[in-house]
Amino acid sequence: MCPLILEMKKRAGLEVVVCVTAQHRQMLDQVLKIFQVVPDYDLDIMRERQTLFGITTTVLNRIKAVLEEVKPDVVLVHGDTSTTFVTALACFYLQIPVGHVEAGLRTYNIYSPYPEEFNREAVGILSQYSFAPTPLARDNLLREGKKAETVYVTGNTVIDAMRHTVLQDYHHVELDWVGESKLIFITAHRRENLGEPMHHMFRAIRRVLDERNDCKAVYPIHMNPVVREVAVQELGGCDRIHIIEPLDVFDCHNFEARSFLCLTDSGGIQEECTSLGIPVLVMRDTTERPEGVAAGTLKLVGTDEERIFQAFTELLENHEAYYAMSKAVNPYGDGHACERIADILEGKEYTPWIP
């Protein structure tokens, strides 16, 4: 959302008020600092071991006063977080129009990813403006009954963000440690993968790293203590993987740009790495970003240990398979999504994003 905020602030016809919930305090502050965005309102909801119940009720109670004070013409929410769902719900209660950025992503499995699939489907019902990143996302919304004149294909703002963050001249001590080895970039935190699925994921990664001396892995670990416990159990003591504290968006994008491949159960990284030509093994059974699977940049490998091990090994050994994934066309955007969204909000003509 930060590049969109910066773009809208340039427009004389738009008055921008920024409210954050701080659902993830540390991660939020890093992003705001990088993009030099100063919130007008900060709900500061994060609590230790917070639950979906706590996030939902706290955001709902605290956002009401902000909306009643600001009286916005439109409220923009992004993606599929609990913050996004609850804010859209509050706007519905107050009859304030909602603009959904990154609208129309679907797995049509309400528990995969959890709770994100419910969040984005519910926000889809509540939105008056649907900013779909791809034609497929638009088609999902139209099948669900959205009026065609309220759905706009803009590309994804995450691609715009990377225009601000990826640098040719970038240095980090962890990249010094990787040296000439192939960098394997790992992220894993999805709620539905907690427990046995995550044990299987990490065991597969550990097996590959134990067998090969040509690659090293960097895993910026999520703040969730359950994730950290499993990671220590399965990956601790391996000298070819560094488990580090979460990276801010600037560092994360630059690590992705220098990776040989990425293993992830995240969402946005699927698009980010695709835009950089980095193959991605998606450790999930479903993805709301099937465009990348169709294009060949993403491969769904689930959470089965043997399946992850085989797919990981193949990309290290089969140069043709690796090349095919790394050279596929990026279907997610051209870096101008924010301009299109700002044009739409100003009532100007816009040209849809066509991959």
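Higher on the page you've got the structure.
(A) Broad picture of the overall build of the protein chain. Counting its secondary structure elements, the protein chain contains 16 helices and 12 strands. The C-alpha radius of gyration of the protein chain comes to 20 Å, within 12% of the 20 Å expected for a compact globule of 355 residues. Taken along its principal axes, the extent of the C-alpha atoms in the protein chain is 60 × 40 × 40 Å. Classification of the 355 residues of the protein chain by burial places 55% in the buried group. Intrachain contacts of the protein chain at a sequence separation of at least 6 include 65% that bridge at least 24 residues.

(B) View of a nonpolar patch on the surface. Residues Ile 110, Tyr 111, Tyr 114 and Phe 118 make up a contiguous nonpolar surface patch of roughly 400 Å² in combined accessible area. Following the sequence through the fold, Phe 118 ends up in helix H5 (residues 116-126). Exposure remark for Phe 118: the relative accessible area of 37% places this residue in the partly exposed category.

(C) Just the sheet that holds strand S9 (residues 241-244), in detail. Strand order in this open sheet of 6 strands is S9-S8-S7-S10-S11-S12, and the pairing throughout is parallel. In this open sheet, the two strands that pair with only one neighbour each are S9 and strand S12 (298-300). Within this sheet the neighbouring strands show an average axis-to-axis angle of 20°, counted without direction. Direction of pairing for strand S11 (residues 280-282) relative to S12: parallel, over a ladder of 3 bridges.

(D) Examining the packing of aromatic side chains more closely. Scanning the entire structure with this criterion turns up 11 aromatic pairs. With 5.6 Å between their ring centres and 70° between their planes, Tyr 152 and Tyr 350 make a pair best called edge-to-face. Pair noted here: Tyr 152 is in strand S6 (residues 151-153) and Tyr 350 is in the segment after helix H16 (337-345), with a separation of 198 residues, a long-range link. Ring centres 5.6 Å apart and planes at 70° place the aromatic pair Tyr 170 and Phe 250 in the edge-to-face group. Residue Tyr 170 is located in the loop between helix H7 (157-165) and helix H8 (173-178), and its partner Phe 250 is located in helix H11 (residues 249-257); the two are separated by 80 residues in the primary sequence. A residue is classified by how much of its surface remains accessible, and Tyr 170, at 12% relative accessible area, is buried. Among the aromatic side chains, those forming a connected cluster through ring pairs are Tyr 129, Phe 131, Tyr 152 and Tyr 350. Here the guanidinium or amino end of Arg 207 rests over the ring plane of Phe 309, the centre of that ring lying 3.9 Å away.

(E) Examining helix H3 (residues 52-70) more closely. The end-to-end C-alpha distance of H3 is 26 Å, a good match for the 27 Å that 19 residues give at a rise of 1.5 Å each. Considering bend angle alone, the principal kink of H3 is centred on Ile 63 and spans about 30°. Buried within H3 we find Ile 55, Val 59, Ile 63, Val 66 and Leu 67. Close packing links the buried residues of H3 with strand S1 (19-20), strand S2 (41-42), strand S3 (75-78) and helix H4 (82-93).

(F) Structural detail: helix H2 (residues 25-35). Every buried residue of H2 is accounted for by Leu 28, Gln 30, Leu 32 and Phe 35. Considering only its buried residues, H2 is in contact with helix H1 (2-9), S1, H7 and H11. Once H2 ends, the next one or two residues include Gln 36, with phi positive near 55°.

(G) The pattern of salt bridges, seen in detail. For the structure on display, the rule yields 29 salt bridges. For Asp 80, the salt bridge goes to Arg 120, with nearest N and O atoms at 2.7 Å. Here Asp 80 is found in the loop between S3 and H4, whereas its partner Arg 120 is found in helix H5, with 40 residues between them in sequence. Across the pair Asp 139 and Arg 138 runs a salt bridge, and its minimum N-O distance is 3.1 Å. Salt bridges sharing partners connect three or more residues here, namely Asp 80, Glu 102, Glu 117, Arg 120, Glu 271, Arg 284, Glu 288 and Arg 289.

(H) Spotlight on the environment of Gly 179. Note that Gly 179 resides in the loop between H8 and strand S7 (182-187). Classification of Gly 179 as partly exposed rests on a relative accessible area of 44%. In this structure the C-alpha to C-alpha distance between Gly 179 and Cys 215, which are 36 residues apart in sequence, comes to 9.6 Å.

Quick notes on the rules
Residues numbered from 1 in each chain as written. Predicted model: local features only at pLDDT ≥ 70, side-chain atom pairs only at ≥ 80, totals over all residues. Heavy atoms only, no water. Helix = DSSP H or I, 4+ residues; strand = E, 2+ residues; numbered from the N terminus. Rg over C-alpha atoms; globule rule 2.2 N^0.38 Å. Buried < 20%, exposed > 50% of the residue type's maximum accessible area, 1.4 Å probe, protein only. Contact = heavy atoms within 4.5 Å. Patch = residues over 30% accessible without salt bridge, like charges linked within 9 Å, V, L, I, M, F, W, Y side chains within 5 Å. Areas by Shrake-Rupley, 256 points an atom, 1.4 Å probe, with all protein chains shown as cover. Salt bridge = Lys/Arg side-chain N within 4 Å of Asp/Glu carboxyl O. Pairing = 2+ DSSP bridges. Axes fitted to C-alpha atoms, helices over the stretch in contact; angles between N-to-C directions. Phe/Tyr/Trp six-rings, centres within 6.5 Å; stacked < 30°, edge-to-face > 60°. Lys NZ or Arg CZ within 6 Å of the ring centre and 35° of its normal. Expected span 1.5 Å × (residues − 1). Bend = angle between axes of the 7 residues up to and from the residue.

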